[in-house]
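These are the residues of each chain, in order.
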Amino acid sequence: MSEPQVFERIRDEIGKNDVLLFMKGTPVFPQCGFSAAVVDVLSQLGVKFHGVNILVDPELRQGIKEFSQWPTIPQLYVKGEFIGGCDIVREMFETGELEQVFKEKGVALAEAA
Amino acid sequence: MGKVATTIDSKLREAFSPVRLAIEDESSKHHGHAGWREGGETHFRVEIVSQAFEGKTRVARQRLVYAALKAELDAGLHALAMETLTPAEDAKR
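An account of the accompanying structure is given in this report. Since the structure is predicted, the reported quantities are computational estimates derived from the model, not experimental observations.

Here is what the cut-offs are and how they apply
- Here the residue index of a chain counts from 1 through its sequence in written order.
- Key to labels: chains lettered from A, ligands numbered from 1, both in the order written.
- Totals for whole chains, interfaces and linings use all residues, but because this is a predicted model, local features are given only for residues with pLDDT of at least 70 and pairs of side-chain atoms are given and counted only at 80 or more.
- Excluded from the side-chain calculations are hydrogens and water; all other atoms, namely the structure's heavy atoms, are used.
- In short, DSSP must find at least two bridges between two strands for them to pair.
- Strands are runs of DSSP state E lasting at least 2 residues, helices are runs of H or I lasting at least 4, and numbering of each runs from the N terminus.
- Lines fitted to C-alpha atoms define the axes here, with helix axes fitted over just the stretch in contact, and angles between the N-to-C directions of these axes take values from 0 to 180 degrees.
- Note on aromatic contacts: the rings of Phe and Tyr and the six-membered ring of Trp form a pair at centre separations within 6.5 Å, being stacked when their planes are under 30 degrees apart, edge-to-face when over 60 apart, and tilted otherwise.
- Relative accessibility thresholds used throughout: buried, under 20% of the residue-type maximum; exposed, over 50%; partly exposed, between the two (1.4 Å probe, protein chains only).
- Contacts are assigned to residue pairs that have any heavy atoms within 4.5 Å of one another.
- By definition, the buried area sums, over both parts, the 1.4 Å-probe accessible area that each loses when the two are put together.
- We define a salt bridge as a contact between a side-chain nitrogen of Lys or Arg and a carboxyl oxygen of Asp or Glu at a distance within 4 Å.
- Polar contact is defined as a pair of N or O atoms within 3.5 Å, subject to the rule that within protein one atom must be able to donate a hydrogen and the other to accept it, and that residues adjacent in sequence are counted only when both atoms are side-chain atoms.
- Classification convention: Asp, Glu, Lys, Arg as charged; Ala, Val, Leu, Ile, Met, Phe, Trp, Tyr, Cys, Pro as nonpolar; all other residues, Gly among them, as polar.
- Only buried residues count toward a nonpolar core. Its members are Ala, Val, Leu, Ile, Met, Phe, Trp, Tyr and Cys residues joined through side-chain atoms within 4.5 Å.

Glancing now at the sheet that holds strand β3 (residues 79-85) of chain B. Residues and elements named next belong to chain B. Taken in spatial order, the 3 strands line up as β1-β2-β3 in an open sheet, and their pairing is mixed. Whereas interior strands pair on both sides, the edge strands pair on one side only; in this sheet they are β1 (20-25) and β3. Ignoring strand direction, the axes of neighbouring strands in this sheet form an average angle of 10 degrees. With 6 bridges connecting them, β1 and strand β2 (residues 43-49) associate as antiparallel partners.

This is how it looks when you write it as structure tokens:
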């Protein structure tokens, strides 16, 4: 019963958004190079995603690190599954694995992205 | 090597017995960004080649690295870009 209250909100966000990026700044104005890199990858794939700016929410900023057991931002979730941070997303994009993940999970990609 | 880099180096060697380990201080590239501070040693890139990663997912590997450096992350190490490879994966590159 010692679970932080913010976990409930995090689960709710993850449940509501097929592709969810916890990031610094917004998709239009990322405020960190690592967040910007993930936004860039998702844009190149033509994936619709929801960005959550953790900079404006200290409780969430700390909570997401504990929730994911991952101490850094950005963090990408696809259909409830934690995919990883910037390095992992970039690496999976380069090898084509990321596109595969989206396809397997039934997430729409833009044609000829 | 700076003080933080030296600590990272010794902790990663202890945790992973890497066959190759490279640590790069990228702090100066992030001048003025969030997490940057005077004196640097806030942003690092590490490349670790270790048998310890065999059979583990990317997420699991990076969690191991984060766990090994928890004290440093709590003390102001702000960003850790990493490549985590097994010797077999490294040989294929």
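Here the narrative resumes.
Take the packing of aromatic side chains next. Considering all chains together, one arrives at 7 aromatic pairs over all chains under this definition. With a centroid separation of 6.4 Å and an interplanar angle of 50 degrees, the aromatic rings of A:F67 and A:Y77 are classed as tilted. A residue pair is termed long-range when its members are at least 10 positions apart, and A:F67 in helix α3 (residues 58-68) and A:Y77 in strand β3 (residues 75-78) qualify at 10 residues. Assessed through its relative accessible area of 4%, A:Y77 is described here as buried. With 5.0 Å between their ring centres and 80 degrees between their planes, A:W70 and B:Y66 make a pair best called edge-to-face. With A:W70 in the loop between α3 and β3 and B:Y66 in helix α2 (residues 58-68), this residue pair bridges two chains. What makes A:W70 buried here is its relative accessible area of 1%.

Residue and element names in this part refer to chain A. Strand order in this open sheet of 4 strands is β2-β1-β3-β4, and the pairing throughout is mixed. Bordering the open sheet on either side are β2 (50-53) and β4 (81-84), each of which pairs with just one other strand. Direction aside, the axes of adjacent strands within the sheet are offset by 25 degrees on average. As defined by bridge partners, strand β1 (residues 19-23) adjoins β2 across 4 bridges and the pair is classed as parallel. Paired with F22 across the bridge in β2 is V52.

Interface size is commonly expressed as the accessible area that is lost once the parts come together. Counting residues at the interface gives 13 residues for chain B and 16 residues for chain A. Interface area for chain B against chain A, summed over the two sides, is near 1300 Å², with a carbon-plus-sulfur share of 56%. It is B:R58, B:R63 and B:Y66 in chain B that bury the most area against chain A; as a group they hold 44% of the surface buried on that side. Where chain B packs against chain A, one counts 2 salt bridges. B:R58 is paired through a salt bridge with A:E97; the nearest N and O atoms lie 2.8 Å apart. At the boundary of chain B with chain A, the tally comes to 7 residue pairs in polar contact (both at pLDDT 80 or more). Only α2 and β3 of chain B provide two or more residues apiece to the side of chain B that touches chain A. The element contributing the most residues to the side of chain B that touches chain A is α2(B), with 5 residues. Residues belonging to the side of chain B that touches chain A are distributed by class as follows: 7 nonpolar, 4 polar and 2 charged.

Attention shifts here to the nonpolar core. Of all hydrophobic cores here, the largest spans 57 residues; its most connected members are A:F22, A:F102, B:L12, B:V65 and B:L80. Per-element accounting of this core gives the leading share, 7 residues, to helix α2 (residues 33-45) of chain A. With near-sequence residues (within four places) excluded, A:F22 lies in contact with A:I10, A:I14, A:V52, A:I54, A:L60, A:I64, A:I73, A:P74, A:Q75 and A:Y77.

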